[in-house]
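Inside the fold
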Amino acid sequence: MSKLIERMANAIDVVISGFDRIVFKGFLRPLMFPDGAMSFLARNNVLNKDYKDWVQAQSQALIESVEKMVREKTDRGIVPIPSSHTRKEDLARRQQDALGITEGLIGAWSCVEAGQSYRACFDREKGFPQLRWESVRCKHLYVYMNHADYGFLNLRIQTWFPYQLQICMNGREWLRRQLDRSHMPYQRSRNKFFAIDDQKVAQRCLDRQVAIQWPWLLDRLIPGIFPTRRQTLGPDLSYYWTLWQSEWATDLIFHEVPTAEATTQILLNHALNTGTSDRVMRYLGRPLTKHGQPFLSCSSEVKTRASSFHEGLCVRHWVDRNSVKVYNEQNVVRIETTINDPGDFRVIRAKQGASRREPKKRRSMRKGVVDISLRASVSKDVNKRVMDHLATFTDATPLEALVAPCTKSFTKNGRKSRALEPIGKDRELLMAIADPRIALKGVSNAELRDMLEKKAWAKGLAENQLSARITRHLKLLRDHGLIRKMPNQHRYQLTDVGRQITAALAAALKASTKELMKIAA
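Reference entry: report on the structure contained in this document. (Residues numbered from 1 in each chain as written. Predicted model: local features only at pLDDT ≥ 70, side-chain atom pairs only at ≥ 80, totals over all residues. Heavy atoms only, no water.)

**Regarding the nonpolar core**
This is how the line gets drawn: We call a set of buried residues a nonpolar core when its members are Ala, Val, Leu, Ile, Met, Phe, Trp, Tyr or Cys and they connect through side-chain atoms within 4.5 Å of each other. Classification of residues uses two cut-offs on accessible area relative to the type maximum, computed with a 1.4 Å probe and protein chains only: under 20% is buried, over 50% is exposed, and between them is partly exposed. Put simply, DSSP marks the helices as runs of H or I at least four residues long and the strands as runs of E at least two long, and each gets a number from the N terminus on.
Counting residues in each nonpolar core, the largest one holds 53 residues, and the members touching the most others are Phe-24, Phe-161 and Met-169. Here this core gets eight residues from one element, more than from any other, and that element is helix H3 (residues 51–74). Phe-254, Leu-268, Val-324 and Ile-335 belong to the second largest nonpolar core, which has 26 residues in total.

Written as structure tokens, this is what we have:
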């Protein structure tokens, strides 16, 4: 169990953890390279020069078949969308509400979007056309439904060969259907549960989602978007499924909304103030040196953003294309890991295609659904690391005890270092170094000059004088162990002690006299 959950157990009703939004993509692997595609056409007696006509005929048959299916079930046909930037889910939600659909097909929409397909081009060497793989813009169909087993979901197909599929589901929507079958009371809005009668039953339902036979489940949904599959592709080709994007959410459901809001404010301040690059990389399982720094060969981009989210707040950390965020909505505080690039994580698994006797080794995680249980485990670990770190905001050590060691002068190697004044003349420098906008990548002398030149701390000094003063004070902070120099760079980051002191100092400076007196009492 996370330290955060342990320390806040009295304020939390329910904790559930499992998949939220999950996006699968299906590919016909034998058709994803030109030679394989031409072999398929040859087996079906389609000449390369007739490829375009054949594709147009198959595309038209697919669209007409989906149109017929949708009209039979909703009395509405496929609705064209002029812009690919339009949110299809919003259109589907509005139609669902307007028609009062609680189960079944909601509707279908079409849009011209970017895709990948083939073009028949004359090959001078061979003397006849060959297929060439290239980017195209073609019609895509979107079908939305409120599934009896899996809840609100959407299916997407590229209407041009090789008919790539996308299925977007939500683990919390699926959970809702499971709870309905067991007649368990709950309160929810979309993908958030604000109350659940039995936490253990709900968690077991979420755990079962990970263990399901995913290829079987996804194949069952194909007829809802590709009814002409058999006549176009024949009986032998099957889709290879990848988990393109996953969101793993841990929901802390509090007794009351005010408690969740107050807790989130503290958590997010803490997450923002202490979300340095090395810590964020630890969250997301990236390798670091023994000194806790990224390797010199590392080219990953680390960034953090704070924003509002509905009526709550959100802090999100990225390392390249993977991220973790903390936000609140009503009485729910959610910690959520999003994985777009599973190859960034190393897991213990067997080599693809190897015999069962071959030992498992540490390898990159794959996009294929075969690694879905490993992805769930990795996501769960990321959430736990974030929560364990956030739990440090409950540290009961008084500010006086935190700053006491650095408020004493000392002599080292015959050189005397003066005592610091964290709440006095050193405060502005410490707060500048702890600024979350630069804390992730470390701070340089030049950046500190820009931040402090108009502050009282700078004393109106000229640029070279201010630079020298900052250099002296950086040395002083290093002597006291509050900052460290980053390897092979003229940049500095707070140490764990420095983060703890600056986080406590920032919280104390923002608190009112009334709040401080209440704490002191």
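Now, onward.
**Quick look at the packing of aromatic side chains**
Aromatic ring pairs are described here by two measures, namely the spacing of the ring centres and the angle between the planes. So the rule is basically this: Put simply, two rings from Phe, Tyr or Trp (the six-membered ring, in Trp's case) pair if the centres are within 6.5 Å, and we call them stacked under 30 degrees between planes, edge-to-face over 60, tilted for the rest.
As enumerated under the stated definition, the model contains 17 aromatic pairs in all. With centroids separated by 4.7 Å and ring planes inclined at 65°, the aromatic side chains of Tyr-118 and Trp-133 adopt a geometry described as edge-to-face. With Tyr-118 in strand S3 (residues 104–123) and Trp-133 in strand S4 (residues 128–147), this residue pair connects regions lying 15 residues apart in the sequence. Relative accessible area serves as the criterion here: at 4%, Tyr-118 is assigned to the buried category.

**Considering unusual backbone geometry**
Pro-162 follows Phe-161 through a cis peptide bond whose omega is 10°. Looking at where Pro-162 falls in the secondary structure, it is placed in the loop between strand S5 (151–158) and strand S6 (165–170). Here the phi dihedral of Asp-75 falls at roughly 60°; this positive angle occurs in a residue that is not glycine. Following the sequence through the fold, Asp-75 ends up in the loop between H3 and strand S2 (79–80). Within the chain, Tyr-163 stands out as a residue other than glycine whose phi angle is a positive 55°. By secondary structure assignment, the location of Tyr-163 is in the loop between S5 and S6. By relative accessible area, Tyr-163 is classed as buried at 1%.

**Describing helix H5 (residues 171–181)**
Because the α-helix completes a turn every 3.6 residues, residues three or four places apart line up on one side. Put simply, the rule is: N or O atoms within 3.5 Å of each other form a polar contact, as long as, within protein, one can give a hydrogen and the other can take it, and as long as residues adjacent in sequence are counted only when both atoms are side-chain atoms.
Within H5, nine of the 11 residues are buried, which leaves the element mostly enclosed by the surrounding structure. Turning to H5, its buried residues are Gly-171, Arg-172, Glu-173, Trp-174, Leu-175, Arg-176, Arg-177, Gln-178 and Leu-179. Sitting at the amino-terminal end of H5 is Asn-170, which places a side-chain oxygen 2.8 Å from the backbone nitrogen of Arg-172. One or two steps after H5, the chain reaches His-183, where phi turns positive at roughly 60°.

**Describing the packing of H5 against helix H6 (residues 199–211)**
Condition: Axis angles are defined between N-to-C directions and span 0 to 180 degrees, where every axis is a line fitted to C-alpha atoms and, for a helix, only to the segment in contact. The scheme is simple: roughly parallel for angles under 35 degrees, roughly antiparallel for over 145, roughly perpendicular for 65 to 115, oblique for anything else. Here a crossing is called left-handed whenever its near helix is offset anticlockwise from the far helix by less than a right angle, and right-handed whenever the offset is clockwise. We call two residues in contact when some of their heavy atoms are within 4.5 Å. In this count, Pro and Cys sit with the nonpolar residues alongside Ala, Val, Leu, Ile, Met, Phe, Trp and Tyr, while Asp, Glu, Lys and Arg are called charged and the others, Gly among them, polar.
Between H5 and H6, whose axes approach to 10 Å, the crossing angle comes to 125°. In terms of their interaxial angle, H5 and H6 are classed as oblique. H6 is crossed by H5, and the crossing has right-handed handedness. Seen from H5, the contacting residues are Gly-171, Arg-172, Trp-174, Leu-175, Gln-178 and Leu-179; seen from H6, they are Ala-202, Cys-205, Leu-206, Arg-208 and Gln-209. Residues belonging to the contact of H5 with H6 are distributed by class as follows: six nonpolar, three polar and two charged.

**Thoughts on H6**
Inclusion rule: To estimate how far a helix should extend, the number of its residues minus one is multiplied by 1.5 Å.
Taking 1.5 Å of rise per residue, 13 residues should cover 18 Å, and H6 covers 19 Å from first to last C-alpha, within 8% of that figure. Of the positions making up H6, those classed as buried are Val-201, Ala-202, Gln-203, Cys-205, Leu-206, Gln-209 and Val-210. In the core, the buried residues of H6 are packed alongside strand S1 (12–27), H5, strand S8 (192–196), helix H7 (214–221), strand S9 (240–254) and helix H11 (372–390).

**A few points about the environment of Lys-380**
The residue Lys-380 is located in helix H11 in this model. Taking the C-alpha atoms as reference, Lys-380 lies 9.2 Å from Glu-336; in sequence the two are 44 residues apart.

**Thoughts on the side chain of Asn-383**
If you trace the backbone, Asn-383 turns up in helix H11. Under the relative-accessibility criterion, Asn-383 is labelled buried at 0%. At a separation of 2.6 Å, a polar atom in the side chain of Asn-383 contacts the side chain of Thr-337. Setting aside chain neighbours within four positions, we find Asn-383 in contact with Trp-248, Ala-249, Thr-250, Val-324, Ile-335, Glu-336 and Thr-337.

**A look at the pairing of strand S12 (residues 322–329)**
Applied cut-off: When DSSP finds two or more bridges between two strands, those strands count as paired.
Counting buried positions along S12 yields eight of eight residues, so the element is predominantly enclosed. Side chains Asn-322, Val-324, Val-326 and Asn-328 project from S12 onto one buried face, and the interleaved Ser-323, Lys-325, Tyr-327 and Glu-329 project onto a second face that is buried too. Of the strand pairs in this sheet, S12 and strand S13 (residues 332–339) are connected by seven bridges, and their pairing is antiparallel. Each bridged residue has a counterpart across the sheet, and for Val-324 the counterpart in S13 is Thr-337. Taking the residues that link successive antiparallel strands as the turn, the S12-S13 hairpin has two residues, and the phi of Gln-330 there is positive, at about 55°.

**Concerning the packing of helix H15 (residues 445–452) against helix H16 (residues 463–479)**
Between H15 and H16, whose axes approach to 10 Å, the crossing angle comes to 115°. The orientation of H15 with respect to H16, classified from their angle, is roughly perpendicular. Note that H15 runs across H16; the crossing there is right-handed. Counted together, Asn-445, Leu-448 and Arg-449 of H15 and Glu-463, Leu-466, Ser-467, Ile-470, Thr-471 and Leu-474 of H16 form the full contact between these two elements. Broken down by class, the residue content of the contact of H15 with H16 amounts to four nonpolar, three polar and two charged.

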